[in-house]
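# Structure assessment
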Amino acid sequence: MADFVYDVIIIGGGAAGLFAAASAPAKVNGLILDKSSAPGRKLLMSGAGQCNITHGGSIKDFICRYGDNGSRIRASLYKFSNLSLIDFFEKRGVKTLERDDGKVFPKSMDAGTVLDCLLSAGREKGFQLISSCEVSEINCGEVFSLNSSKGRFICRKLIICTGGCSYPSTGSDGKFFPVLEKMGFDIITPKPALVPVSVEGYPYGELSGVSVKNAEISSGSHRVKGDLLFTHSNFSGPAALHISRYVKPGSEIRICFCTEKSIEAVSGELSALRKDKSSSRKEAVTVLKSLFPSLPSAFVEKVFTDEGFDEHLGFADFSSKAAASVLKRIFSDTYKVSGTGGFSTAMATAGGVSLKEITVKTGESKKFPGLYFAGEVLDVDGDTGGYNLQFAFSSGYNAINHAVFNK
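In this report, the structure presented in the accompanying data block is examined. A quick note: this is a predicted structure, and the numbers were derived from the prediction, not measured.

## Some points on the overall build of the protein
Along the protein, the regular secondary structure elements total 13 helices and 20 strands. Along the first, second and third principal axes, the C-alpha set of the protein runs to 95 × 40 × 35 Å. Taken across its 407 residues, the protein has 54% of its residues classed as buried. Long-range contacts, defined as pairs at least 24 residues apart, comprise 71% of the intrachain contacts of the protein with a sequence gap of at least 6.

Here's what the structure looks like:
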């Protein structure tokens, strides 16, 4: 008996793979092969279990959120935008909400709602799912032949959505990259992305859990802005996570904790207050805190005492030279990076299949027509806030629609 040939096989049951199946433009004889025991495990973890599916605003504003490769994936994002994604879920009964910070979630605030929707839609489009199935080899010809832990499978079109290396316990462990390298694909060495940044002489352990709103971190020519979280041992929060893609041990980072004022403006305010008799009777740290209402009081107090000043020092005895040392720390705090988090803490993977290997708008391989890539397996990593899931969904949609319409 001749082998059964599937119309489309998707390798990987994560966000990109499941969305590719769910958004197929027609019913097909399709198959999803997932190496984990259950699909969508990483999707269930996203957004702390609430699933931040995308971000609000114009899709044009997304481009700068993907580092150096943002401009290269413009066509892919424009073809299936954040508004298209929201409409996809709304039409299938998954209502969404946009928070004040622009993050978009299912109204249920439950990632399971998103997963259930994708699984149901994928079944309706003709896709079966086989779990605990690890593909070890792909042979390309008139059809694609896949050798796996559960036998051989054959298909006319193949979509690879095997993910990166972040959260390896979910099955996204990078072990499929050697299979792709054997096929001749150029793999940009994967490294952790969206990870905390550790620095030499980190001073803020006692402020663990405190965050600074809208801080700015720069390293070389790269500059990012966002909330900065102090942990027991390193910098975290969006600002640190976003700069992590650009730094390595030995890199210098510079932090401005206050971006709503300039150091010159605050120096001028301090000079004016020195002429105010009522201010001269206050403690210096109290005056400083009044000048930085957006900064956590504990942070201002920490900087003040770290610079060697007694917490009860009067403002009248707080010289301009002393003030300059505190302001420099607030506006230009400099550190040497000692390391960044590993894949076990990474929210995404930088690196993967080079974008030079594909037609980015469709994800189709230039080497093997009919073979497509989507999601984190590609050398694309975005900021926090729904950008990585948006690319997974956009690239999955584009791949399946091109595969089916051009079969």
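Next, the rest of the story.
## Overview of the pairing of strand 5 (residues 103-106)
Pairing of strand 3 (residues 54-55) with strand 5, which is carried by two bridges, proceeds in the antiparallel orientation. Each residue of the ladder has a partner; that of His-55, found in strand 5, is Lys-103. Note that strand 4 (residues 96-98) and strand 5 share three bridges and pair antiparallel. In the sheet register, Thr-96 faces strand 5, and the bridge partner there is Pro-106. Counted between consecutive antiparallel strands, the loop separating strand 4 from strand 5 contains four residues, among which Gly-102 sits at a positive phi close to 95°.

## Focus: the pattern of salt bridges
The full count for this structure, using the stated rule, is 21 salt bridges. The residue Arg-245 makes a salt bridge to Asp-381 at a minimum N-O spacing of 3.0 Å. Linking Arg-245 in the loop between helix 7 (237-243) and strand 15 (252-256) with Asp-381 in the loop between strand 20 (371-373) and helix 13 (387-405), this pair joins segments that are 136 residues apart in sequence. Judged on exposure class, the residue Arg-245 and its partner Asp-381 are both buried.

## Regarding helix 10 (residues 284-291)
Spacing of three or four residues puts side chains on the same side of an α-helix, whose turn is 3.6 residues. Residues Ala-284, Val-285, Val-287, Leu-288 and Leu-291 constitute the buried set of helix 10. The buried residues of helix 10 occupy an angular sector of 155° when projected down its axis, which confines them to one face. Here the buried face of helix 10 lies against helix 8 (263-273), helix 9 (277-280), helix 11 (297-306) and helix 12 (320-331).

## Side note on the sheet that holds strand 5
One key point about sheets: their strands pair by backbone hydrogen bonds, in either a parallel or an antiparallel sense. Spatially, 3-5-4 is the arrangement adopted by the three strands of the open sheet, whose pairing is antiparallel. Taken across any chain shown, the strands that pair with only one partner, and hence form the sheet edges, are strand 3 and strand 4.

## Some details on the side chain of Ser-236
Within the secondary structure, Ser-236 is located in strand 14 (residues 235-236). Assessed through its relative accessible area of 13%, Ser-236 is described here as buried. Contact partners of Ser-236, with chain neighbours within four places excluded, come to Pro-196, Asp-227, Leu-228, Leu-229, Thr-231 and Leu-241.

## Side note on the side chain of Ser-395
Turning to its location among the elements, Ser-395 is positioned in helix 13. When its relative accessible area of 5% is taken as the criterion, Ser-395 is described as buried. For Ser-395, the side chain forms a polar contact with the main-chain oxygen of Ala-392, separated by 3.2 Å. When residues no more than four places from it in sequence are discounted, the contact partners of Ser-395 are Ser-76, Ala-374 and Gly-375.

## What about helix 11?
When we look at burial in helix 11, the residues that qualify are Phe-299, Val-300, Lys-302, Val-303 and Phe-304. Residues of helix 11 that are buried sit in contact with strand 13 (222-230), helix 10 and helix 12. Directly after helix 11, the chain includes Gly-308, whose backbone phi takes a positive value near 95°.

## Some points on the environment of Ile-255
Looking at where Ile-255 falls in the secondary structure, it is placed in strand 15. Among the residues examined, Ile-255 registers a relative accessible area of 0% and is labelled buried. Apart from the residues lying within four places of it in its own chain, the contact partners of Ile-255 are Glu-216, Ile-217, Leu-228, Phe-235, Ile-330, Phe-331, Ser-332, Asp-333 and Tyr-335.

## What to know about the environment of Ser-280
In this fold, Ser-280 is placed in helix 9. On the basis of relative accessible area, Ser-280 is assigned to the partly exposed category, the value being 28%. Spatially, the C-alpha atoms of Ser-280 and Phe-315 are 5.2 Å apart, while their sequence positions differ by 35 residues. Each residue touching Ser-280, except ones within four places of it in the same chain, is listed here: Phe-315 and Ala-316.

## Focus on the packing of helix 10 against helix 11
The geometry of helix 10 relative to helix 11 is characterised by a closest axis approach of 10 Å and an angle of 130° between their N-to-C directions. In terms of orientation, helix 10 lies oblique with respect to helix 11. As helix 10 packs across helix 11, the resulting crossing turns out to be right-handed. Contacts between helix 10 and helix 11 involve Ala-284, Val-285, Leu-288 and Lys-289 from the former and Ser-297, Val-300, Glu-301 and Phe-304 from the latter. Classifying every residue of the contact of helix 10 with helix 11 gives five nonpolar, one polar and two charged.

The rules behind the values
Residues numbered from 1 in each chain as written. Predicted model: local features only at pLDDT ≥ 70, side-chain atom pairs only at ≥ 80, totals over all residues. Heavy atoms only, no water. Helix = DSSP H or I, 4+ residues; strand = E, 2+ residues; numbered from the N terminus. Buried < 20%, exposed > 50% of the residue type's maximum accessible area, 1.4 Å probe, protein only. Contact = heavy atoms within 4.5 Å. Pairing = 2+ DSSP bridges. Salt bridge = Lys/Arg side-chain N within 4 Å of Asp/Glu carboxyl O. Arc of directions from axis to C-beta. Polar contact = N/O pair within 3.5 Å; in protein donor to acceptor, adjacent residues only side chain to side chain. Axes fitted to C-alpha atoms, helices over the stretch in contact; angles between N-to-C directions. Parallel < 35°, antiparallel > 145°, perpendicular 65-115°, else oblique. Left-handed = near helix turned anticlockwise from the far one by under 90°. Nonpolar A, V, L, I, M, F, W, Y, C, P; charged D, E, K, R; others polar.

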